[in-house]
Structure formats: structure tokens, C-alpha cells
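# Residue-level structure breakdown
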Amino acid sequence: MKNIILIAPPGAGKGTQAKMLCSKFNMVHISVGDLLRSEIEKGNDLSESLKQRMQSGKLVEDELILKIMEKRLNESDLDNGFILDGFPRNINQAINLDKITDKIDAVIYLEVSKEELERRIVGRLVCKTCGASYSELIEELMPINNNICDKCNSKLEKRIDDTVEIFNNRYNTYLEETYPILEFYKEKNKLYTINLLDKDEIFNEIVKIIS
Ligand code: AMP
């Protein structure tokens, strides 16, 4: 069993790597962004304020995130290991994660330049049905048929927070709040940095670390 944290700036491909790892190792993918987006879709009292917060590029309040994560990490489907995608995202969350579980084996940091991230995010298209990700700007990532998922034929959509302006805000939030937690995990000797761009090369490197 391995429990992994993936840390990366927005658009670096955490979600893609997490999905590839889950299908290879039968681990559970815990994406905080996806959990929050499904809260928004419920259309309840919380939905509108969550949507505004996410659209601003800022982090959602720790209190809510910690409540969601404590509940999720106590569920009974995690025996084969899990991948945390998007959590922790600041020092307070990292400190509180240590109180929820002491079973984190490795923290993998995907390092990607700001220019590359912007190029990927602005044209990103996602399939809400199977989670696959495409681009309308990067040729090798385009779907075969316009706006249709190659894998499950569902309609592709843009994420509400994939605009240049929101990207810049999210990137600044990342630098200010998330980047400092790398030092926190480095001191615990759990940090592995990957500085590659190709998704298969990144994947092979993560597999080596996990193995
Ligand atoms: P993601 O899908 O991981 O890029 O997350 C999308 C948005 O959800 C972020 O820009 C934040 O507004 C919010 N979010 C995701 N994870 C967290 C977290 N751990 N703490 C606070 N806000 C989060």
C-alpha cells in the first residue's frame, strides 16, 4: 500500500497522473477540486459561495476543506493506497493532515514553468463523464472529433476557472500558499521532484518512486 501526495501548480497535470496511477496500482484518487465541483453541482446553499471562491482563483476556507478531507480519509476504500490531488494546499492544511493520518509515504512535486502552464490551461477541455483532459490549442492533445471525448463520446467542456485571469490568480495563490509546503515535506525527507514535460515520462518517473 502506498499513499501519495501530488503537488504541482495549476495545469501541471496532477489529475492526469493521478488517474494513470489509479488504473495501474488500483489506488484511490482523491481530488479536492473534483469534490468541490460536485458540491457546486448540487446547487445547495454552499454552491454559490464555493463557485465564487473557486472562480476568484483563491483557496476555499481551510475549515471546509479539512472537514471534507477528514471525512474522505476515514472512508473504508483506501486499503490499496490513495493519491491526494490538490491537498494539502497550504501549511495549515499540511499540519492538519498529519493529525488526520500518519500514513503518507511520499510527496511528489511536478515542476512546470508558468509559460507552459498558461498554454495548457487556457485551451483545456475536460470530459466530466470519464475525467479525460484535452486541449483545443495543443495539437497532440486535441480530441479526434471537435468537443467530443475520444474515450467515452461525451461532450467536452471548459472548466469554470480555466481563463487567463483566473489562471494568474491561481498561480499567484500557488506561489504564496502552496509552494512553501515543499520545504515542510523536504524536512521530513518525503519530497521527490520531477522536472519533465511529457506525461508518459512523468508517469514512469512516479512509478519508479512508488516502486
Ligand atoms: P483544482 O481542481 O485542484 O485545480 O482546484 C480548483 C480550485 O478548488 C482551486 O483553485 C481552489 O479554489 C479550490 N481548491 C482545491 N483544493 C483546495 C484546497 N486543498 N484548499 C483550498 N481550496 C482548494
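These remarks concern the structure in this document. Keep in mind it's a predicted model, so treat the numbers as computed, not measured.

### Notes on the nonpolar core
Counting 53 residues, the largest nonpolar core has L84, Y185 and I206 as its most contacted members. Contact partners of Y185, with chain neighbours within four places excluded, come to I5, I7, P88, A94, L97, V107, K190 and L191. Counting six residues, the second-largest nonpolar core is a separate cluster that includes C127, A132, Y134 and L156.

### Quick notes on the packing of helix α2 (residues 32-41) against helix α4 (residues 62-73)
Angle between the axes and distance between the axes are the two parameters that describe a pair of packed helices. α4 packs onto α2 with a crossing angle of 105 degrees between their chain directions and a minimal axis gap of 11 Å. Classified by the angle between their axes, α2 and α4 sit roughly perpendicular to one another. Residues V32, L35 and L36 of α2 touch α4, and the partners they reach there are I65, I68 and M69.

### Some points on the site of the ligand
Lining the immediate surroundings of the ligand are 16 residues, of which K58, G86, R89, Q93 and R170 lie closest. Between a nitrogen atom of the ligand and a main-chain N or O atom of V60, the distance comes to 3.0 Å. Q93 has a polar side-chain atom sitting 2.9 Å from a nitrogen atom of the ligand. Coverage of the ligand by the protein chains reaches 97% of its 490 Å² of free accessible surface. With four residues, the single largest contributor to the shell around the ligand is α2. Across the shell around the ligand, the residue classes break down as seven nonpolar, three polar and six charged.

Quick notes on the rules
- Residues numbered from 1 in each chain as written.
- Predicted model: local features only at pLDDT ≥ 70, side-chain atom pairs only at ≥ 80, totals over all residues.
- Heavy atoms only, no water.
- Core = buried A, V, L, I, M, F, W, Y, C linked by side-chain atoms within 4.5 Å.
- Buried < 20%, exposed > 50% of the residue type's maximum accessible area, 1.4 Å probe, protein only.
- Contact = heavy atoms within 4.5 Å.
- Axes fitted to C-alpha atoms, helices over the stretch in contact; angles between N-to-C directions.
- Helix = DSSP H or I, 4+ residues; strand = E, 2+ residues; numbered from the N terminus.
- Parallel < 35°, antiparallel > 145°, perpendicular 65-115°, else oblique.
- Near = heavy atom within 4 Å.
- Polar contact = N/O pair within 3.5 Å; in protein donor to acceptor, adjacent residues only side chain to side chain.
- Areas by Shrake-Rupley, 256 points an atom, 1.4 Å probe, with all protein chains shown as cover.
- Nonpolar A, V, L, I, M, F, W, Y, C, P; charged D, E, K, R; others polar.

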